[in-house]
Amino acid sequence: MLNIEQIRKDFPILERETSNGKRVIYLDSTATSQKPIQVIEAMNDYYRRSNANIHRGVHTLAEEATTLYEGARERIAKFINAASSREVIYTRNTTESINLVAYSWARTNLKAGDLVVLTEMEHHSNLVPWHMLQAERGIELEFIPVTENGLLDLTAYAALLTRSPKLVSFAHMSNVLGTINPAREIIRMAHEAGALALVDGAQSVPHLNVDVRELDADFYAFSAHKMCGPTGIGALYGKSSLLEAMPPFLGGGDMIKEVKLRSFRANSLPHKFEAGTPAIAEAIGFGAAVDYLKAIGMDNIAAHEHEITEYALERLEEIPGVKLFGPDANHKGGVAAFTLEGIHPHDVAQILDQDGIAVRAGHHCAQPLHEKFGIPATSRASFYLYSTKDEVDLLVNGLYKVKKMFG
Ligand code: 7TS
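A brief look at the structure comes next. (Residues numbered from 1 in each chain as written. Predicted model: local features only at pLDDT ≥ 70, side-chain atom pairs only at ≥ 80, totals over all residues. Heavy atoms only, no water.)

**Structural notes on the side chain of His-271**
As a reminder of what qualifies: Working definition: helices are DSSP H or I runs of at least four residues, strands are E runs of at least two. Numbering for both runs from the N terminus. For the exposure calls, accessible area comes from a 1.4 Å probe over protein chains only, and a residue counts as buried if that area is under 20% of its type's maximum, exposed if over 50%, partly exposed in between. Should any heavy atoms of two residues lie within 4.5 Å, those residues are counted as being in contact.
If you trace the backbone, His-271 turns up in the loop between strand E10 (263–266) and helix H10 (280–296). When its relative accessible area of 18% is taken as the criterion, His-271 is described as buried. Those residues in contact with His-271, other than ones at most four positions away along the chain, are His-55, Glu-70, Arg-73, Asp-254 and Met-255.

Below, the structure is given as structure tokens:
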């Protein structure tokens, strides 16, 4: 079990108060997690001691910076059990990782009429790149339906697979329903039908033990900022055989082996996909985040979040007029999206904020999912390794206060 009190001390922001003197109750980790001092210091140290551009210099600082940057990649690769760090491409975030696959792999391999299967619970970042490709290429899109209780309908999925899609792309964990999808099964079924599988791991890598080889994922996308790391950096895992065969995404410095006036030869992996000066400090922070999570243990983190989520769902359900979305705690991660009868989710969030309670309100970049459930928006509380039952209680008290204010 985690020593939460000790863990909370690693996150300086959890000590702060709002302008009206309330302690911050941070229940918005699904949007971005808070950062431990270990990550902040790793980035500070780099700027204080080792700042230089990477891969281009022989001087001490350049070599140190390169070692730190590449060392972080090694540890990120191990964290998701990639076969090699060559299979981990630094990107800006999950969104860019998915776009990289859509531009490089999909524009090379898909033609008009080819089918890509997505799901109804996707974040916009795993919808819009495919809409764009549909407009440009005439690919077809189909969606695995979401059931009333927030699970994917795998029977409908099996039926879609008879149409021989080229790619299945889905979120491992939903940022609204919290649903943890059976990724291994979905990927196995995709492969049996001859499709590749791209997994949006924005919400899974921060919270679960993810093993890309056990999953047999072809591509796996995630963001550092949701897993205790900095903004501005994420990763795309891809099987080396696929990445080798793909053309570069962006062109420029670092991604080349040789440039002539009229031609270029692309660099080897992973540099082929990393054009220009990258987010060096952020990569180092990403590595420190992975070290931090690993030291605590992903299974411990998942167990703690399960306990908090189970408690939160139970307490929220007690409140008259609260409607929760998504499956029960056994099928989901630390996300509780809900509506409060007769009160707009934005009002709920705004009133909670007066007591320092940070929840998010809106469509959470999953508009089609909200449309499916016939609502424009939800309020969403989300939990991480530093969340406590005490914070859940404060949320519940806050919601009673909201109800009282609205009569
Ligand atoms: N996929 C999922 C499942 C997500 O939850 C998010 C971000 C993304 C992709 C995009 O990640 P990014 O790092 O590229 O922005 N989700 C949220 C959210 O729920 N609220 O703010 C961001």
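**Concerning the pairing of strand E15 (residues 378–382)**
What counts is decided by this rule: One requirement defines pairing of two strands: DSSP has to find at least two bridges between them.
When you tally the buried positions in E15, you get 5 out of 5 residues, the bulk of the element. Going residue by residue along E15, you find Thr-378, Arg-380 and Ser-382 tucked away on one face and Ser-379 and Ala-381 tucked away on the opposite face as well. Pairing geometry for strand E12 (residues 335–340) and E15, over 4 bridges, is antiparallel. The partner of Ala-336 across the bridge, within E15, is Ala-381. As paired strands, strand E14 (residues 360–362) and E15 are joined by 3 bridges and run antiparallel to one another. Bridge pairing links Gly-362 to Thr-378 in E15.

**Describing the sheet that holds E15**
Using the following cut-off: For helices, the axis comes from a line fit to the C-alpha atoms of the stretch in contact; other axes are also lines fit to C-alpha atoms, and the angle between any two N-to-C directions lies between 0 and 180 degrees.
One open sheet accounts for 4 strands, arranged E11-E12-E15-E14; its pairing is antiparallel. Bordering the open sheet on either side are strand E11 (322–325) and E14, each of which pairs with just one other strand. Across the sheet, the mean angle separating the axes of adjacent strands is 30° when strand polarity is ignored. Contacts from helix H12 (residues 345–353) reach E12, E14 and E15, with the element oriented near 160° to E14.

**Focus: a nonpolar patch on the surface**
Rules: To count toward a patch, a residue needs a relative accessible area over 30% and no salt bridge; like charges are then connected within 9 Å, while nonpolar side chains (Val, Leu, Ile, Met, Phe, Trp, Tyr) are connected within 5 Å. Where accessible areas are quoted, they stem from the Shrake-Rupley method and a 1.4 Å probe; at the residue level, only the protein chains shown are allowed to cover. By definition, a salt bridge exists where a carboxyl oxygen of Asp or Glu is found within 4 Å of a side-chain nitrogen of Lys or Arg.
Together, Tyr-103, Val-128 and Met-132 make up an exposed nonpolar region whose accessible area comes to about 230 Å². Within the secondary structure, Met-132 sits in helix H5 (residues 128–137). Residue classification places Met-132 among the partly exposed positions, given a relative accessible area of 37%.

**Brief notes about the side chain of Ser-104**
As a reminder of what qualifies: Polar contact is defined as a pair of N or O atoms within 3.5 Å, subject to the rule that within protein one atom must be able to donate a hydrogen and the other to accept it, and that residues adjacent in sequence are counted only when both atoms are side-chain atoms.
By secondary structure assignment, the location of Ser-104 is in helix H4 (residues 94–109). Among the polar contacts made by the side chain of Ser-104, one reaches the main-chain carbonyl oxygen of Pro-247 at a distance of 2.5 Å. Ignoring anything within four residues of it in the chain, the contact list for Ser-104 reads Met-246, Pro-247, Pro-248 and Phe-273.

**As for the layout of surface pockets**
So the rule is basically this: A pocket here means an open set of points on a 1 Å grid, computed over the protein atoms alone, that has protein on both sides within 12 Å along at least five of seven lines. A cavity is instead a set of points where a 1.4 Å probe fits but cannot get out; residues with an atom within 4 Å of a point line either one. Grid points are joined across faces, edges and corners, and a volume is the space filled by probe spheres set on the points. Three categories are distinguished: nonpolar for Ala, Val, Leu, Ile, Met, Phe, Trp, Tyr, Cys and Pro, charged for Asp, Glu, Lys and Arg, and polar for the others, with Gly belonging to the last.
If you add up the space inside the largest pocket, you get close to 350 Å³. If you go around the largest pocket, you meet 22 residues; those closest to its centre are Ala-31, His-123, Asn-175, Gln-203 and Lys-226. Residue composition of the lining of the largest pocket, grouped by class: 6 nonpolar, 12 polar and 4 charged. Computed from the structure, the second largest pocket encloses a volume of approximately 230 Å³. Broken down by class, the residue content of the lining of the second largest pocket amounts to 9 nonpolar, 4 polar and 3 charged.

**Remarks on the nonpolar core**
This is how it is decided: As used here, the term nonpolar core means buried Ala, Val, Leu, Ile, Met, Phe, Trp, Tyr and Cys residues forming a set that is joined through side-chain atoms within 4.5 Å. Domain limits in this description derive from either an automatic procedure or a database domain assignment.
Core analysis: the largest hydrophobic core is formed by 81 residues, its most contacted members being Tyr-220, Phe-286 and Leu-385. Ranked by residues supplied to this core, first place goes to H10 with 11 residues. Both domains that meet at this core, namely domain 1 (4–30 + 298–405) and domain 2 (41–295), each give it at least three residues. Not counting chain neighbours up to four residues away, the residues in contact with Leu-385 comprise Leu-2, Ile-4, Ile-7, Phe-11, Cys-228, Tyr-292, Ile-296, Ile-301, His-304 and Glu-305. If you look at the next biggest cluster of nonpolar residues, it comprises 28 residues, including Tyr-311, Ala-312, Val-348 and Leu-399.

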